[in-house]
Amino acid sequence: MNHPWLHRYALLLAACTLFLVVAGALVTSNDAGLSVPDWPLSYGKLMPEMEGGIFWEHGHRMVATTVGLLTIGLAIWIARVERRRWMKQLAWTALAAVVAQGLLGGMTVLFLLPKPVSISHACHAQLFFSTTVAIALFTSAAWRRGGRAVEDSGLHGLAIAVAASVFLQLALGAAARHQALGVLPHVLGAVLATGMVLWLVVRVLIRHADHDQLRKPALALLAIVVAQVFLGIGAYMSRIATLDAPQPMPVMVAFTVAHVAVGALTLAVSILLAIQIFRYVRRPEAELVAQSVTA
Amino acid sequence: MKKYGISFAVASALILSGCGGEKKEEPKSEAPAPAAAPVDEASAATINGKVAFSGTKPAMRNISMDATPACARAHQTPPKSEEVIVNDNGTLRYTFVWVKAGVPDRQWPAPSGPAQLDQLGCIYRPHMLGVRAGQDIEITNSDPTNHNIHPLPKVNREWNESQPPKGEKKVKQFPREEVMIAVKCNVHPWMRSWIGVVNHPFFAVTGEDGTFTIKGLPPGEYTLEAWHEKFGAKEVKVTVGAKESKAVDFEFKG
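Here is what the cut-offs are and how they apply
Residues numbered from 1 in each chain as written. Chains lettered and ligands numbered in written order. Predicted model: local features only at pLDDT ≥ 70, side-chain atom pairs only at ≥ 80, totals over all residues. Heavy atoms only, no water. Pairing = 2+ DSSP bridges. Helix = DSSP H or I, 4+ residues; strand = E, 2+ residues; numbered from the N terminus. Axes fitted to C-alpha atoms, helices over the stretch in contact; angles between N-to-C directions. Patch = residues over 30% accessible without salt bridge, like charges linked within 9 Å, V, L, I, M, F, W, Y side chains within 5 Å. Areas by Shrake-Rupley, 256 points an atom, 1.4 Å probe, with all protein chains shown as cover. Salt bridge = Lys/Arg side-chain N within 4 Å of Asp/Glu carboxyl O. Buried < 20%, exposed > 50% of the residue type's maximum accessible area, 1.4 Å probe, protein only. Disulfide = S-S within 2.5 Å. Lys, Arg positive; Asp, Glu negative; His and termini not counted. Polar contact = N/O pair within 3.5 Å; in protein donor to acceptor, adjacent residues only side chain to side chain. Contact = heavy atoms within 4.5 Å. Parallel < 35°, antiparallel > 145°, perpendicular 65-115°, else oblique. Left-handed = near helix turned anticlockwise from the far one by under 90°. Nonpolar A, V, L, I, M, F, W, Y, C, P; charged D, E, K, R; others polar. Domains from an automatic or database assignment. Buried area = accessible area lost by both parts, 1.4 Å probe. Expected span 1.5 Å × (residues − 1).

1. Some remarks on the sheet that holds strand S6 (residues 137–141) of chain B
Residues and elements named next belong to chain B. Taken in spatial order, the 4 strands line up as S4-S3-S6-S9 in an open sheet, and their pairing is mixed. For this open sheet the edge positions go to strand S4 (123–125) and strand S9 (170–172), each flanked by a neighbour on one side alone. Mean inter-strand twist for the sheet, computed between neighbouring axes without regard to direction, equals 20 degrees. Sheet topology note: the S6/S9 ladder contains 3 bridges and is antiparallel. Across the sheet, residue isoleucine 139 finds its bridge partner in S9, namely lysine 170.

Set out below in structure tokens:
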């Protein structure tokens with residue numbers, strides 16, 4: 001049974017979560033992570049004076065609260081109307097994830113930005129966004145309609161490897177941003193992740209260009225990765241160019257925040273493509289038979 | 001559902017306990033040194049000198065305080081960054097000069113009172129401060145806006161506290177020697193001060209004439225260090241005899 005409003009609600013949650021990622025990136029880029037020393041209140045209030053770094057930090061908390069409430073609503077809605085058991089489990093997992101993310105955020109403040117916690121907070125945000133995108137996909141009419149299956153060998157493993165390499169790259173980026181690692185591992189990771197994405201996209205486009213559910217996310221992933229590489233170069237160059245500035249400069253903040261947001265999109269779309277591959281691509285019969293004989 | 005609830009609780013507890021381990025303990029003070037003895041004025045030596053700057057004088061960057069009108073209103077024209085200030089006589093302001101090694105292991109006379117750190121016009125004043133280990137530092141917020149005071153020590157304990165507009169003074173100490181500790185305000189990211197924490201009284205900060213004077217040193221051989229936030233640190237060895245006054249100059253290149 002279709003629930004178009006549930007799907008729209010899931011899309012809204014995904015959009016708000018991307019905005020939350022942007023708000024979080026603005027906190028880090030504006031060096032405002034500890035501008036509000038207390039948590040969960042801000043300067044002992046629900047609404048402090050929104051000035052300087054407090055605007056970024058408390059604004060981030062407000063968006064996070066909104067996303068948390070929306071996720072509670074989604075979990076309850078799905079629990080009430082969904083028949084697919086795994087969807088209910090996914091929705092409750094998303095709720096647990098957003099609560100955990102809030103706790104991680106609180107700990108970054110109370111423990112003065114310990115690197116492992118800050119990096120976990122950044123990585124977890126990306127995973128949560130991907131989860132909301134996946135829920136939006138699973139609640140869509142297109143997902144329920146399904147489509148024809150195609151055969152391909154080895155695409156499943158490649159799709160997982162691509163999503164994993166993109167996540168690794170995001171983790172390296174977070175580690176560089178929170179000064180646990182230098183920028184070099186992130187640059188090397190960019191080469192690896194871009195190469196992996198190109199390999200997968202080219203393969204999907206060559207073999208399954210006539211399959212909408214595979215071609216569209218593959219093209220989207222390609223466009224996003226190209227943009228991401230340029231944004232990464234921009235973020236690095238703007239940072240170098242403004243090193244002597246007495247405060248974070250808007251050009252650096254804009255490039256870096258865009259790079260973080262498009263990074264989140266890269267992971268979400270790579271996971272979305274992997275999901276579509278697992279749904280619509282079957283391994284060839286001969287390969288399955290050979291495998292069962294070997295077994 | 002119950003299963004998920006239990007898993008989440010366990011995961012949260014693990015995360016919280018792991019994070020608790022990150023918290024730095026308040027460093028314990030060093031073992032007490034021998035009792036305080038007055039410096040023998042009859043034999044005390046003096047080191048003085050200047051910190052020169054050579055090369056192209058860097059432009060002082062404007063600070064934009066637009067994000068906080070209360071800060072912007074405090075200035076007729078945009079204030080300048082104090083990271084590098086080359087004085088008119090070619091010397092460098094805000095260089096911390098201290099005796100890094102060679103000072104006898106004894107308890108030196110206590111400082112006369114607390115050191116002062118103010119937040120005025122959304123700028124830390126002074127930009128650089130030298131204090132004794134364990135000395136009180138009185139922190140004042142003279143601005144009509146919130147600040148957070150956030151020192152970033154490596155040896156002492158890190159802390160981060162807010163201070164409301166014209167709120168009560170805070171009194172803090174750093175119990176261990178550490179040169180230097182950056183102090184930030186994350187509400188106003190341009191705000192930065194530097195505190196040098198030293199076990200003895202032999203330190204100075206260069207001012208508008210770029211000079212320094214370190215008085216009352218017992219005769220001996222010392223390592224003198226000049227530290228600048230942009231240009232790093234330089235050391236020289238210096239030997240002073242009784243009542244001797246020795247000139248030592250440093251030079252940093254831009």
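2. A short note on a nonpolar patch on the surface
Residues and elements named next belong to chain A. Taken together, the side chains of Val183, Leu184, Val187, Leu188, Val226, Val229, Phe230, Ile233, Tyr236, Met237, Ile240 and Leu243 define a hydrophobic patch exposed on the protein surface, amounting to about 1200 Å² of accessible area. In terms of residue count, helix H8 (residues 212–241) provides more of the nonpolar patch than any other element does, 7 residues in total. By the secondary structure assignment, leucine 188 is in helix H7 (residues 184–208). The exposed category is assigned to leucine 188, whose relative accessible area is 53%.

3. Quick notes on the state of the cysteines
Here is the idea: a disulfide is a covalent bond, and it sits between the sulfur atoms of two cysteines. Residue and element names in this part refer to chain B. This model, assessed by the stated rule, comprises 1 disulfide over all chains. Two residues, cysteine 71 and cysteine 122, share a disulfide whose sulfurs are 1.9 Å apart. Classification of the bridge connecting cysteine 71 and cysteine 122 rests on its S-S torsion, roughly -70 degrees, and on that basis the disulfide is left-handed. Of the two residues, cysteine 71 is situated in helix H2 (residues 69–72) and cysteine 122 in the loop between strand S3 (115–120) and S4; the sequence distance between them amounts to 51 residues. When sorted by exposure, cysteine 71 lands in the same class as cysteine 122, which is buried. Cysteine 185 takes part in no disulfide bond, and the closest cysteine sulfur, belonging to cysteine 122, lies 7.6 Å away.

4. Things to note about the side chain of Asp118(B)
Residue and element names in this part refer to chain B. Positionally, aspartate 118 belongs in strand S3. In this structure, aspartate 118 is buried with no salt-bridge partner, the nearest side chain bearing the opposite charge being arginine 125 at 6.8 Å. A distance of 2.8 Å separates a polar atom in the side chain of aspartate 118 from a polar atom in the side chain of serine 142. In this view, aspartate 118 contacts Ile123, Tyr124, Arg125, Thr140, Asn141 and Ser142; residues no more than four positions away in its chain are not counted.

5. Notes on the packing of helix H6 (residues 155–177) of chain A against helix H9 (residues 250–280) of chain A
Residues and elements named next belong to chain A. Across the interface, H6 lies against H9 with an axial gap of 9 Å and an inter-helix angle of 160 degrees. Classified by the interaxial angle, the pair formed by H6 and H9 is roughly antiparallel. Both H6 and H9 take part in a crossing whose hand is left-handed. On the side of H6, the interface is formed by Leu155, His156, Ala159, Ile160, Val162, Ala163, Val166, Phe167, Leu170 and Arg177, while H9 contributes Thr256, Val260, Gly263, Thr266, Leu267, Ser270, Ile271, Ala274, Ile277 and Phe278. Its residues assigned to classes, the contact of H6 with H9 comprises 14 nonpolar, 5 polar and 1 charged.

6. As for the domain arrangement of chain A
Many descriptions give the size of an interface as the accessible area lost when the pieces come together. All names here are of chain A. Under the domain assignment, chain A is made up of domain 1 (1–145) and domain 2 (146–295). Averaged C-alpha coordinates put domain 1 and domain 2 at centres separated by 22 Å. Taken residue by residue, the interface counts 26 residues in domain 1 and 29 residues in domain 2. For the domain 1 and domain 2 pair, buried surface summed over both sides reaches about 2200 Å², with 74% attributable to carbon and sulfur atoms. When the buried surface of domain 1 facing domain 2 is broken down by residue, Ser29, Gln126 and Trp143 rank first, second and third, together holding 24% of it. There are 0 salt bridges connecting domain 1 and domain 2. At the junction of domain 1 with domain 2, the criterion picks out 9 residue pairs in polar contact (both at pLDDT 80 or more). Residue assignment for the side of domain 1 that touches domain 2 shows that the elements contributing at least two residues are helix H1 (4–29), helix H4 (115–138) and helix H5 (141–145). A per-element tally of the side of domain 1 that touches domain 2 places H4 first, with 13 residues.

7. Some remarks on H1(A)
A rise of 1.5 Å per residue sets the reference length of H1(A), with its 26 residues, at 38 Å; its end C-alpha atoms lie 37 Å apart and thus fit the reference within 8%. Note on H1(A): the residue one or two positions beyond its end, Asp31(A), has a positive phi of about 55 degrees.

8. Thoughts on the side chain of Ser42(A)
Residues and elements named next belong to chain A. Along the chain, the position of serine 42 falls in the loop between H1 and helix H2 (52–81). In terms of polar contacts, serine 42 uses its side chain to reach the side chain of arginine 61, at 3.1 Å. Sequence-distant contacts of serine 42, defined by excluding residues within four places in its chain, comprise Val36, Pro48, His58 and Arg61.

9. A few points about the interface of chain A and chain B
Residue-level contacts link 30 residues of chain A with 34 residues of chain B. Taken over both partners, the interface formed by chain A and chain B buries close to 2600 Å², and the fraction arising from carbon and sulfur atoms is 63%. Applying the counting criterion to the chain A and chain B interface returns 2 salt bridges. Counting the contacts that link chain A with chain B gives 9 residue pairs in polar contact (both at pLDDT 80 or more). Mapped by element, the contributors of at least two residues to the side of chain A that touches chain B are H2, helix H3 (85–110) and H4 of chain A. When residues of the side of chain A that touches chain B are assigned to their parent elements, the largest contribution, 9 residues, is made by H3(A). Grouping the amino acids of the side of chain A that touches chain B by side-chain chemistry returns 20 nonpolar, 7 polar and 3 charged.

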